[in-house]
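Listed below, chain by chain, are the residues.
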Amino acid sequence: MTTAPAGTVRQVMSFRLRDRVRHWLDSEPVLAYLFMSPGWLILLLFMSYPFFLGIWISLTDRTVGLPSGEFVGLRNYTELFRDRTFHLTVINTFIYGFVTVPFKLFLGLLLALLLNQAFPMRNVLRAALLLPWIVPTALSSLAWLMLYDAVLSPFSWLLKNWGLIESNIAFLGTRTNAIISLCIANIWRGTPFFAVAILAGLQAVPQELHEAAAIEGANRVQRFFAVTLPVIKGIVVITTLFSIIWTFADFQLVYVLTKGGPANSTHIFGTYAWQIGIGGAGKLGIGAAISLYMFPVLAVLSAILLRYVRSQEA
Amino acid sequence: MAQVIYDHVTKRFDGVIAVNDLTLEVKDGEFLVLVGPSGCGKTTALRCLAGLEEVSSGDIIIGDRVVTHIPPKDRDIAMVFQNYALYPHMTVYENMAFGLKLRKMPKQEIDRRVKEVAEMLGIQDLLNRKPRQLSGGQRQRVALGRAIVREPQVFLMDEPLSNLDAKLRVQTRGELIKLQRRLGVTTIYVTHDQVEAMTMGHRIAVMNQGVLQQLDTPENLYDHPANLFVATFIGSPAMNIFPARVVTGEGAVRLVAGDVTLESPAEQRGRLAEYANREVLVGIRPEDLIVQPGQVGEDRHLRLPVEIVEPLGSETLVHLRGPVGTLIAKADPHVHFSPGELASVRVKIEHLHAFDPQTELALF
Ligand SMILES: Nc1ncnc2c1ncn2[C@@H]1O[C@H](COP(=O)(O)OP(=O)(O)O)[C@@H](O)[C@H]1O
Ligand SMILES: [Mg+2]
């Protein structure tokens, strides 16, 4: 029998430790969390912190310029119940978020189906299609502002020229007109996203399936429902949910076009929160409360979205 | 059920002639195999028949109707695709019922047909599954079932077995033959595999570069290839081909290749004599070279050195250094050959083939 020298023992032990660490790192959950940690940190820092700060501010009467405010409980929230502009804001946001979506979906689908056909210059057109979506909204909104101008609007000019109207249309002048105008601009901006997403889906539909269905007697429409739609269904649902969420949380288009006017009648959550919290009154507490009213809706939509994505993965 | 006629069908894709003046008559109830190397236009020919490609010129007739300009759905055909093309979101049942539903067939009738065909194919337990829950072989059956339930005039199959593993392919091959003989539906079957072609078809159409080379029964194709291409394409290992000079004199016609001289087959002397003092291409199948190891055998046997020996179990392939290039012979697997040694080779003269070196057409 021999005794191992001390050095060997130490070596063996350090080997064990290294093995253990290596083994530990080999485990998938550990590694997964390790890789996710930078993302988590960034999320904590830039999303969670402002979110919880926002909740805190919404419970105070803090105003712009003053270092801090008094804790007022849920008063900011209850006060908004009595605010007529806030009522309008809620209605507007829902109109803006939900009415535009069917149009974007339908137009996007149509565009995608068209662009999926073979024709010359197809790629140029496909690229051009994305423009409304790539151009910064702040910029394209300015173009819309010009198009909707009470005096210089080319729309009005054209319609007058054709003898269809007598005087200029007040595109942004009344609540109804302004909301319709906003929705049209929103549809213009949002349609490409639908079109591109659906086009990508269409390209994933195997040509053979269309041919098989054609031989079996399906016409174009029947083939769309039997072959195309099932393949792009997931994309359509996810795109729609995303679009609703984005429209709900929009700010730029409304801010540039109407600033919530006329007479505060076209606000959506984002613009009204900004106006109350920062723009006009500087009542940060109430502003924060307004934007937090968006939270339940967005949370529900996001939950649906996530559930759907997961169900597709399974 | 119906006959199918390709009448001078040509299909061009910008620049490429995929199918070149194809004229072909498939008899009612026949199993016709379209075979040829990859890219020779088999799929295109089939797709023209299905109506998935518009022909550039010529006519296609199914039954007694000219269908050249009729859309696929009105041609009363069913197609089995290489990748099966099953609708991924539909169950097996729905996949099979789809075409019938489109034809507004009553529910009970659809149900009866789907179940009957599923039973026939042994997939009755899979009816509620989605395609992705099936194995390759099962998907293949569903694709077949979907074609059968429609009871079409013609089945079109484009390499339907090529995605199966070797064993399943052989098994399914047999089942498919039985099924077709039983249903008696005219079937056009595309494959690049000459073994599949030989075992399955009543008749085989061999294509090369868009041109039909020969249309014949498997036996005739094998024994009497019309040209050099068919001779070397059909059969494995391929027919041995070597150039030889035709020498006449002393009342005999001989083929001379290097230091080897072969007598002409008696009944072909006249045909060969036309090529006196010119070269022809001589063909001989590996099984028509009878080899024995060593110097045994008669004087008129050839003595050729063995290059490589490939034992395949059921037979042994012996590569011999011939007068011009290598000759492959099939030998009894129980006889031992060693590379480097001489083998005695008897040529079955009566099975010789000869081809014109210019036209590559068979002389005999
Ligand atoms: N849609 C197409 N466009 C252009 N060329 C094609 C098309 N389809 C087939 N071809 C060409 O036609 C020829 C025959 O193709 P194919 O019928 O698919 O051959 P096979 O099925 O015998 O392998 C090939 O040269 C191929 O490149
Ligand atoms: Mg092919």
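It should be emphasised that the depicted structure is a prediction, and the values quoted were computed from it without experimental measurement.

Here we take up the overall build of chain A. Counting its secondary structure elements, chain A contains 14 helices and 0 strands. Taking 314 residues into account, the globule formula puts the C-alpha radius of gyration at 20 Å, and chain A, at 28 Å, lies well above it. Across its three principal directions, the C-alpha atoms of chain A cover 115 × 75 × 30 Å. Relative to its 314 residues, chain A shows a buried fraction of 37%. Here the contacts in chain A between residues at least 6 apart in sequence split such that 67% fall between residues at least 24 apart.

Turning our attention to the interface of chain B and chain A. Counting residues at the interface gives 22 residues for chain B, matched by 14 residues for chain A. At the surface where chain B touches chain A, the tally comes to 2 salt bridges. For arginine 146 of chain B, the salt bridge goes to glutamate 216 of chain A, with nearest N and O atoms at 4.0 Å. There are 4 residue pairs in polar contact (both at pLDDT 80 or more) connecting chain B and chain A. Its residues assigned to classes, the side of chain B that touches chain A comprises 14 nonpolar, 4 polar and 4 charged.

The next subject is the side chain of serine 243 of chain A. On the secondary structure map, serine 243 of chain A appears in helix α11 (residues 220-248). Polar contacts involving the side chain of serine 243 of chain A include one to the side chain of lysine 104 of chain A, which spans 3.3 Å.

The next point concerns the nonpolar core. Core analysis: the largest hydrophobic core is formed by 45 residues, its most contacted members being Val33, Met96, Val114, Ile123, Leu144, Tyr189 and Val206 of chain B. If sequence neighbours within four positions are ignored, valine 206 of chain B has contacts with Val35, Val211, Leu212, Gln213, Gln214, Leu221, Phe229, Val230, Phe233 and Ile234 of chain B.

Okay, the sheet that holds strand β3 (residues 31-35) of chain B next. Residue and element names in this part refer to chain B. One open sheet accounts for 6 strands, arranged β6-β7-β8-β3-β9-β10; its pairing is mixed. Since the sheet does not close on itself, it has two edges, and those belong to β6 (77-80) and β10 (211-216), each with one partner. When the angles between neighbouring strand axes are averaged without regard to direction, this sheet yields 15 degrees. The sheet contact formed by β3 and strand β8 (residues 186-191) spans 5 bridges and is parallel.

The next point concerns the pairing of β10 of chain B. Residue and element names in this part refer to chain B. Here strand β9 (residues 203-208) runs beside β10; their pairing, made up of 5 bridges, is antiparallel. Counted as the bridge partner of methionine 207 is leucine 212 from β10. In this structure, the hairpin formed by β9 and β10 is closed by a connection of 2 residues, where glutamine 209 is found at a positive phi of approximately 50 degrees.

The next point concerns the sheet that holds strand β5 (residues 65-66) of chain B. One open sheet holds the 4 strands; their spatial order is β2-β1-β4-β5 (chain B), and the pairing between them is antiparallel. A single partner strand is all that each edge strand has here, and the edge strands are β2 (16-26) and β5 of chain B.

Before going further, it helps to spend a moment on the pattern of salt bridges. Residues and elements named next belong to chain B. Scanning all chains against the criterion turns up 16 salt bridges over all chains. The salt bridge partner of arginine 254 is glutamate 263, with a shortest N-O separation of 3.0 Å. Note on arginine 254: relative accessible area 27%, which makes it partly exposed.

The subject of this paragraph is a nonpolar patch on the surface. Residues and elements named next belong to chain A. Residues Tyr33, Met36, Trp40, Ile42, Leu43, Leu45, Phe46 and Met47 make up a contiguous nonpolar surface patch of about 930 Å² in total accessible area. Tracing the backbone shows isoleucine 42 in helix α2 (residues 28-58). According to the relative accessible area criterion, isoleucine 42 is exposed, its value standing at 51%.

On to the environment of leucine 228 of chain B, then. Residue and element names in this part refer to chain B. Note that leucine 228 resides in helix α8 (residues 228-233). Here leucine 228 falls in the buried class, since its relative accessible area comes to 13%. Residues leucine 228 and isoleucine 241, 13 residues apart in the sequence, show an inter-C-alpha distance of 8.8 Å. Sequence-distant contacts of leucine 228, that is, excluding residues within four places in its chain, are made with Ile241, Leu281, Phe355 and Glu360.

All names here are of chain B. The local shell around ligand 1 consists of Phe13, Val16, Ala18, Pro37, Ser38, Gly39, Cys40, Gly41, Lys42, Thr43 and Thr44. Here an oxygen atom of ligand 1 and a side-chain polar atom of threonine 43 are 2.5 Å apart. The biggest single contributor to the shell around ligand 1 is helix α1 (residues 42-50), with 3 residues. Among the residues forming the shell around ligand 1, the class breakdown is 5 nonpolar, 5 polar and 1 charged.

Scoring rules and cut-offs
Residues numbered from 1 in each chain as written. Chains lettered and ligands numbered in written order. Predicted model: local features only at pLDDT ≥ 70, side-chain atom pairs only at ≥ 80, totals over all residues. Heavy atoms only, no water. Helix = DSSP H or I, 4+ residues; strand = E, 2+ residues; numbered from the N terminus. Rg over C-alpha atoms; globule rule 2.2 N^0.38 Å. Buried < 20%, exposed > 50% of the residue type's maximum accessible area, 1.4 Å probe, protein only. Contact = heavy atoms within 4.5 Å. Salt bridge = Lys/Arg side-chain N within 4 Å of Asp/Glu carboxyl O. Polar contact = N/O pair within 3.5 Å; in protein donor to acceptor, adjacent residues only side chain to side chain. Nonpolar A, V, L, I, M, F, W, Y, C, P; charged D, E, K, R; others polar. Core = buried A, V, L, I, M, F, W, Y, C linked by side-chain atoms within 4.5 Å. Pairing = 2+ DSSP bridges. Axes fitted to C-alpha atoms, helices over the stretch in contact; angles between N-to-C directions. Patch = residues over 30% accessible without salt bridge, like charges linked within 9 Å, V, L, I, M, F, W, Y side chains within 5 Å. Areas by Shrake-Rupley, 256 points an atom, 1.4 Å probe, with all protein chains shown as cover. Near = heavy atom within 4 Å.

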